[in-house]
Each structure stands twice: as C-alpha cells, then as structure tokens.
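Remarks on the overall topology
Chain by chain, the residues:
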Amino acid sequence: MGASILSDFGAEILIPVCAVIGIAFSLVQWVLVSKVKLSPGRESVNNGSGAKNGYSDYLIEEEGLNDHSVVLKCAEIQSAISEGATSFLFTEYQYVGIFMVAFAILIFIFLGSVEGFSSKSQPCTYDKSKICKPALATAAFSTISFLLGAITSVVSGFLGMKIATYANARTTLEARKGVGKAFITAFRSGAVMGFLLAANGLLVLYIAINLFKLYYGDDWSGLFEAITGYGLGGSSMALFGRVGGGIYTKAADVGADLVGKVERNIPEDDPRNPAVIADNVGDNVGDIAGMGFDLFGSYAESSCAALVVASISSFGINHELTPMLYPLIISSVGIIVCLITTLFATDFFEIKAVKEIEPSLKWQLIISTALMTNGIGIVSWIALPSSFTIFNFGDQKAVKNWQLFLCVAVGLWAGLIIGFVTEYYTSNAYSPVQDVADSCRTGAATNSCIIPIFAIAISIFVSFSFAAMYGIAVAALGMLSTIATGLAIDAYGPISDNAGGIAEMAGMSHRIRERTDALDAAGNTTAAIGKGFAIGSAALVSLALFGAFVSRAAISTVDVLTPKVFIGLLVGAMLPYWFSAMTMKSVGSAALKMVEEVRRQFNTIPGLMEGTTKPDYATCVKISTDASIKEMIPPGALVMLTPLVVGIFFGVETLSGVLAGSLVSGVQIAISASNTGGAWDNAKKYIEAGASPHAKSLGPKGSDPHKAAVIGDTIGDPLKDTSGPSLNILIKLMAVESLVFAPFFATHGGLLFKLF
C-alpha cells in the first residue's frame, strides 16, 4: 500500500508547532488591541510611521470627543460588563463543576463494570485473536479524557469572553478615528478567541494522545476509544454554556426592550434602562462563550470520531502514525491558513468606508476556504499512503488518498455554501427578509433549510461513498478546519454590538453611533453564517459518531422495520421538539422576572427617567444569572439522561433509533429556527430603518406592520439565539455520549427486553 511521504517524526513536530503558532498569533493580536488605552491622555501625533491600520492617528474632531470624561465613562461601562460576564460564568462553572465530577464518576463506574472491574487484559473488541488492555483502563482513561475536554472547553469559553469584554470599549474609542480602525480592533479581538480555541483544542488533544500512548502501547483501538471522552467533555460543557448563555442573553434583551423601548419609549442601550448592562453582558456569555463552547465541541467530536474509525482501519492495524494523525494535521494546517487569512482583514487591506465591512468579512470565508482546499491537497498527498483500507461496518474498504482529499474538500465547501445561503435568507438586503417584512409572517424564511440540507446530503453521499464513516468524520473536520476564522468573524459581532451600546451609554456623538451600528449590522449577518456552520458541522459530526457507535456496539444493521428500532426513531424525532419547548419556556420565564424588575425600578426609583439617578444594574445582572442557571438544568438533564435511560433499559438497537431520529429532525428544526429567527429580526430592523421606498411604505415605528414585525422578532429572538443553536449540541452530545457508553450498553443494556 506504500508509506506516507511525511515521516512520523515530522507529523509529531508539525502538530504542536502549528498549535503553538496559533497561540502566539492570538497573543500578538491581544497586544495590538491592548495598545488602545482605556485611560484619558493626549493622543500622539501621526508622524507617518506605522500609519497603516495603526494607533497613532489624530482623533477626528467632533463634539465632545476629546473630553476625558467620555473615555472614563467608556472604561466604567466596560468594567461593569466584564464584571457581569465574569460573575455569570463563575456561577455557571460552579454548577457545571459539580456535574463534571458526578458524570466523570458515572463514566468510570459504568465502563469499569463492563468486565466486572477486572484489571486483566481482554481479547480485543475488533480482533479476538489479539489481547488488549483491560476495560478498567478504558474506564479510567475515558474519565480522564472527559475531564480534559470539559476543562479545555471551559477555559476556551472563558478566555474568549474575557477578550471580548476587554475589547468592546476599545472598539468604541477607535470609532472616533474612523470605521476602519474600529473594525480592526473588533476583528483582532475576535481572532484572539478563534486562534486560542482552535490551538488549545488541538494541543490538548495531541498531548493527551501521546500521554495515553505511554500506557496503551500498540493497543491503538483501546487508546482512541478512551480518547472519545475528550469529545464528550467538550460537548457537555457546550450544552450548558449554550443553553445557559442563550437564556441569559434573551432574558436581558427582552426585558430591556419590552419595558425600555416599548413601554418607556427610550432608545436601545439608554443608560437609564436598568437591564442595559445585563443585555450587553448577555451578548458575550451567549454569543461568544456559547459559540466557542459549541464549535469546540464539534471540533473535538469530529476528531475523536475520525480517530476511532482510523484506529480499526489499516492506519491503526499497521501502526502508521502519520496517517493516523491525519485529522489533527488537517486542523494544524487550518490554523496556518486562518492566520494568513486574518492578515488580509487587518494588515493587507484597509477598510475606509462602511460599505466595505461586510464584503471584507465574507472575503475572509472565501479566502480561507480557497487556501484550505490547497492545504488539504498537500496534506493528503504527504500524510497518507497512496492506498489504504478504512473500517466499514465489519469490512475493510479500499480507499485512495485523493478520495480522502475529496471527502475533506466537500465538507469544507459545503460549509461555505451553507454560510452564504444562511446569509441570503437572513440579510435584509435580499428578497426573503423583505418578503417577511411585507407579509409579517414566516414567508420565504421557512424555505431556508432546503439548500443547506441538500449541501449536507451531498457531502454525506460523496464522503461515505469514498471512505465510509471515516469520510463523513473528515468531511466534518473539513467544515471545521477554518474554525479560527469562523470564530473570529462570529465573535466580532457581539464585540461590535457592545461597542455601540457603550457609545450610547457614554453619550458619544451620533456619528460615532452610526459607525458602531454599521459594524454591528455586518456582525448580525456573520453571526447567522456562524450558526449555519455550527449546524452543518453538527449534522456531519453526529452521523460520524453514530457510525462509530453502531460499530462499537457490534450492531450489524440498523433496521427501521424492527419494533425496537422504530420506537426509538419516533422518540428520537420528538426529542428536539421537546427540548425546544423547554428552552423557549425557560426564556419566557427568565424574561418575565427581568421585565418585573425593570418596571419596579422605573416606578420606584425617583429621578431615574429624568437621568438624575443611576439604575441598579447589578440586580438585573443577578436576575439574569440566577434565572438562566436554574432554567438550563432541565433541558440539560433531558439531553444527558436520554441515552443513559434508553441504553440501559431498551438496549443499543432502540438507542440507535433514537440517535437517527434526533439527528434527522434536529437538523431541520435547528436550521429553520436559526434562519427564521434571523429573518424576523432583520425584517423588524428593515422596517425600522426605512432605508428604501418599500421599507418606508411599511413603517414608521408603531405602524401595524411594524407591530407585527416586533411580535415576530420577540418569538424569533429565542429561536435563533437559544433553541436553534442549542439543538446542534443536542444531536452531537447524544451521539458522543452513546459512543462512550457503548461497551456498557452492549454488555448490560436492554434490561426491559431481557425481563420480558
């Protein structure tokens, strides 16, 4: 079959070096952002050195801009937002920490009991003629990798949130020099999060594999089976981070809007509104920390799914290390590609006008995809033998290296297609949102899941035809290979949103607010693109994990005509609806508490409406925090307990039906919810802006079409920011949890069917 061109030593050097370069690049971006000072001082004169995208420009002379009190006010607001976000995450982590320890113990007990906690070596699962490490070792190392994945996910989300709250006021201050300077600050800050998360996830996984190898030696199937815990840890944290953050941000947003904008008729982000700080905090904990958790979970799971299948293919059987590490090498090259791509936005070209912002962000996606296609080609040529075999449900399928290249490439380009289709259906520049505004009902938005589903379906067909379940796993990795750029673009949106809020609260001029609004408008569109990527990758990841679960549980075929499987299919298809109902209800409950508190403050604090008294921001932050922590537990428990209950009482066949059903219905609902919510949101903004004759004919604010659009947006907000994004975690997490517990379910599961 031949050997790979890249030596094992070369692969072992390439992966950590790329990860370290990613971390170093993120630190460089942070240093550049930190050059914007949050303290009043004389602005240095631009003497011509480092003028391009630099920090030594004169401030544009506008009313009050050089007033030191404005800078101090920005710093004060930034500090309040940062404290609120940190307080929420620390509170959330206390609860998550308890869960993490409890679930780690559960993993050890369940997997250890497979062979009665025996420490003796056992015949290998996939080759009974060989002896492998004991099940107790798999239990111990799966527990360790679960904790590693959980901690890495938590740290990555926290660091992303900290840089976002560090950069928001700096973006506001840079807007005084022009929209280009503000854009660069916001984008560099997003890049810090993107590169930290991508590089940390890769580095920790690589180190874990090498440390586990010291014990497992030549038992690669046991080693990579234990590594699957890493994906479970990352995804379980993502569930609570996404659901908790989503409930927090929507409770604060709805509370601030309903009382402030509707009842009191004061502008959005008005400092008199008690919920305004909580609203800005929510942007960070929901959209930045939550999205970071989500995409890290996808990356960890797709890597683990690919490694599990590869370990029982010719790579693992023949102990070929470089091809075995192919998924990690793809991610390593992705970091370098994203680094080059980022320079196009921050250094190679300079934004000088508002109209250049959105195209610049879209070009980031196009450039990274084009460069990564070439990178995948090179990696597939040097890291893979010319031909090899891939495990395919008990058989070994012959595969060529160019076929694996196509699997990764089709996932990469499907991600780009999904992103741009999402943008088409959620941007008010195109007809679907304008049709929604015209009809003030779902309109064309409900069709927005058709093209993404076809893109996912084609990816699955091509990648499975070429390389079975391994092909699907690496297609998901292809979609996530430019994760650093995707996260940078996604984090840019909430940073810009916060910058606009700070400009309003600090009393800066209207021209500054226009610039931050332009940044935010582009961020709204790119946030929708990011959610499209997350959902598309989740579909591929969960299918790859499903395949690994079926193989690991020794299920020869999944026959939907079998009653055991069909009942699971029905229940699985229902779960996303149940989960969505729980999260929507949670948002409503949390928002009600916020509305009551904001009303109370307006009614009881003298001078609040006149602006002579400060509102009690801290109480609103605490309400959002407490409500979101309390409300995230039931949906989280539903997702985490379902595979355990079904696997223990009904067995692996029924569980396979549940996973298939939840995947099929979950992807549809997730895309529809995210895109419909985004379309409703932008339909309302389209009417409010009144930028075209058509929009003016539907307005002004307060008209019947506008009221209908506001109602749609009230429903759409939790759809696109809480339920929709959380559903992709549901389908991934249930699949990876089933894979980790597969040995236990296969041995001891199906208690009810054994009794009767």
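First, a word on what this report is: a plain description of the structure on this page. (Residues numbered from 1 in each chain as written. Predicted model: local features only at pLDDT ≥ 70, side-chain atom pairs only at ≥ 80, totals over all residues. Heavy atoms only, no water.)

Summing up its helical and strand segments, the chain has 22 helices and 4 strands in all. Relative to the globule expectation of 27 Å for 756 residues, the C-alpha radius of gyration of the chain, 26 Å, shows essentially globular dimensions. A principal-axis box enclosing the C-alpha atoms of the chain has dimensions of 80 × 60 × 45 Å. The buried share among the 756 residues of the chain stands at 63%. Nonlocal contacts in the chain, meaning residues at least 24 apart in sequence, comprise 84% of its contacts between residues at least 6 apart. (Helix = DSSP H or I, 4+ residues; strand = E, 2+ residues; numbered from the N terminus. Rg over C-alpha atoms; globule rule 2.2 N^0.38 Å. Buried < 20%, exposed > 50% of the residue type's maximum accessible area, 1.4 Å probe, protein only. Contact = heavy atoms within 4.5 Å.)

Glancing now at the pairing of strand β3 (residues 387-392). The buried fraction of β3 amounts to 5 of the 6 residues, a majority that puts the element mostly inside the structure. The sheet contact formed by β3 and strand β4 (residues 395-400) spans 6 bridges and is antiparallel. Bridging from a neighbouring strand, asparagine 392 pairs with aspartate 395 of β4. Taking the residues between adjacent antiparallel strands as the criterion, β3 and β4 are bridged by 2 residues, where phenylalanine 393 takes a positive phi near 50°. (Pairing = 2+ DSSP bridges.)

This part is about the environment of leucine 295. Considering the arrangement of structural elements, one finds leucine 295 in helix α6 (residues 276-311). Dropping the residues within four chain positions of it, leucine 295 is found in contact with Leu480, Ile483, Leu487 and Ala534.

Attention now moves to unusual backbone geometry. Look at phenylalanine 117: it is not a glycine, yet its phi comes out positive at around 55°. Positionally, phenylalanine 117 belongs in the loop between α2 (68-112) and β1 (122-123). Classification of phenylalanine 117 by relative accessible area gives partly exposed; the value is 41%.

Let us now look at the pattern of salt bridges. Using the criterion set out here, one finds 16 salt bridges in the structure. Across the pair lysine 181 and glutamate 350 runs a salt bridge whose closest N-O atoms are separated by 3.1 Å. Here the residue lysine 181 occupies a position in helix α4 (residues 179-216), and glutamate 350 occupies one in the loop between α9 (326-348) and α10 (357-383), the gap between them amounting to 169 residues. Assessed through its relative accessible area of 9%, lysine 181 is described here as buried. In this structure, glutamate 358 engages lysine 362 in a salt bridge whose closest nitrogen and oxygen atoms are separated by 3.5 Å. Note that glutamate 358 and lysine 362 are positioned in helix α10 at a spacing of 4 residues, about one turn of the helix. Given the relative accessible area of 22%, glutamate 358 is considered partly exposed. Taking relative accessible area as the criterion, lysine 362 reaches 17% and is therefore assigned buried. Connected through shared salt-bridge partners, Lys250, Asp253, Lys720 and Asp721 make up one network. (Salt bridge = Lys/Arg side-chain N within 4 Å of Asp/Glu carboxyl O.)

For serine 481, the position within the fold is in the loop between α13 (450-480) and α14 (483-505). When its relative accessible area of 4% is taken as the criterion, serine 481 is described as buried. In terms of polar contacts, serine 481 uses its side chain to reach the backbone carbonyl oxygen of glycine 478, at 2.7 Å. Residue contacts for serine 481: discarding those within four places in its chain leaves Ile330, Gly334, Cys338, Met372 and Leu412. (Polar contact = N/O pair within 3.5 Å; in protein donor to acceptor, adjacent residues only side chain to side chain.)

With 230 residues, the main nonpolar core has Phe183, Tyr326, Ile357, Tyr470 and Phe549 as its most contacted residues. By residue number, the principal contributor to this core is α4, which donates 22 residues. If near-sequence neighbours (up to four positions away) are discounted, isoleucine 357 is found in contact with Val179, Phe183, Ile351, Tyr492, Ala518, Leu519 and Ala522. Of all hydrophobic cores here, the second largest spans 13 residues; its members include Val436, Ala679, Trp680 and Leu719. (Core = buried A, V, L, I, M, F, W, Y, C linked by side-chain atoms within 4.5 Å.)

Let's shift gears to the packing of α6 against α13. One can describe the packing of α6 onto α13 by two numbers: an axis separation of 9 Å at closest approach and a directional angle of 150°. Here α13 runs roughly antiparallel to α6, going by the angle between their axes. Regarding α6 and α13, the two cross each other, and that crossing is left-handed. Packed against α6, whose contacting residues are Leu295, Ser298, Tyr299, Ser302, Ser303, Ala305, Ala306, Val309 and Ala310, the element α13 presents Tyr470, Ala473, Val474, Ala476, Leu477 and Leu480 at the interface. Per-class residue counts for the contact of α6 with α13 are 12 nonpolar, 3 polar and no charged. (Axes fitted to C-alpha atoms, helices over the stretch in contact; angles between N-to-C directions. Parallel < 35°, antiparallel > 145°, perpendicular 65-115°, else oblique. Left-handed = near helix turned anticlockwise from the far one by under 90°. Nonpolar A, V, L, I, M, F, W, Y, C, P; charged D, E, K, R; others polar.)

Compared with an ideal rise of 1.5 Å per residue, which puts 38 residues at 56 Å, helix α18 (residues 652-689) spans 54 Å between its outermost C-alpha atoms and is within 8% of the ideal. Burial analysis of α18 places 30 of its 38 residues in the buried class, which makes it a mostly covered element. Where α18 ends, the next residue or the one after it, glycine 690, has phi of about 55°, a positive value. (Expected span 1.5 Å × (residues − 1).)

A few words now on the environment of glycine 677. Structurally, the position occupied by glycine 677 is in helix α18. For the pair glycine 677 and valine 308, spaced 369 residues apart in sequence, the C-alpha to C-alpha distance is 37 Å. Beyond its immediate sequence surroundings of up to four residues, glycine 677 is in contact with Ser672, Gly716 and Lys720.

Per the counting criterion, the structure on display carries 29 aromatic pairs. Measuring from centroid to centroid gives 5.9 Å for phenylalanine 103 and phenylalanine 741, while their planes differ by 90°, and the two rings are edge-to-face. Of the two residues, phenylalanine 103 sits in helix α2 while phenylalanine 741 sits in the loop between α20 (704-740) and α21 (742-748), which places them 638 residues apart along the sequence. You'll find phenylalanine 103 and phenylalanine 741 in the same group, each marked buried. Their ring planes at 85° and their centres at 5.1 Å tell us that tyrosine 424 and tyrosine 425 sit as a pair that is edge-to-face. The structure contains a cluster of three or more aromatic residues connected by ring pairs, namely Phe99, Phe103, Phe110, Phe146, Phe240, Phe741, Phe744 and Phe745. Between lysine 133 and the ring centre of tyrosine 215, over which it is positioned, the NZ or CZ distance is 4.9 Å. The positively charged end of lysine 564 is found above the aromatic ring belonging to phenylalanine 753, 4.8 Å away from the centroid. (Phe/Tyr/Trp six-rings, centres within 6.5 Å; stacked < 30°, edge-to-face > 60°. Lys NZ or Arg CZ within 6 Å of the ring centre and 35° of its normal.)

Geometric values such as these leave the question of function open.
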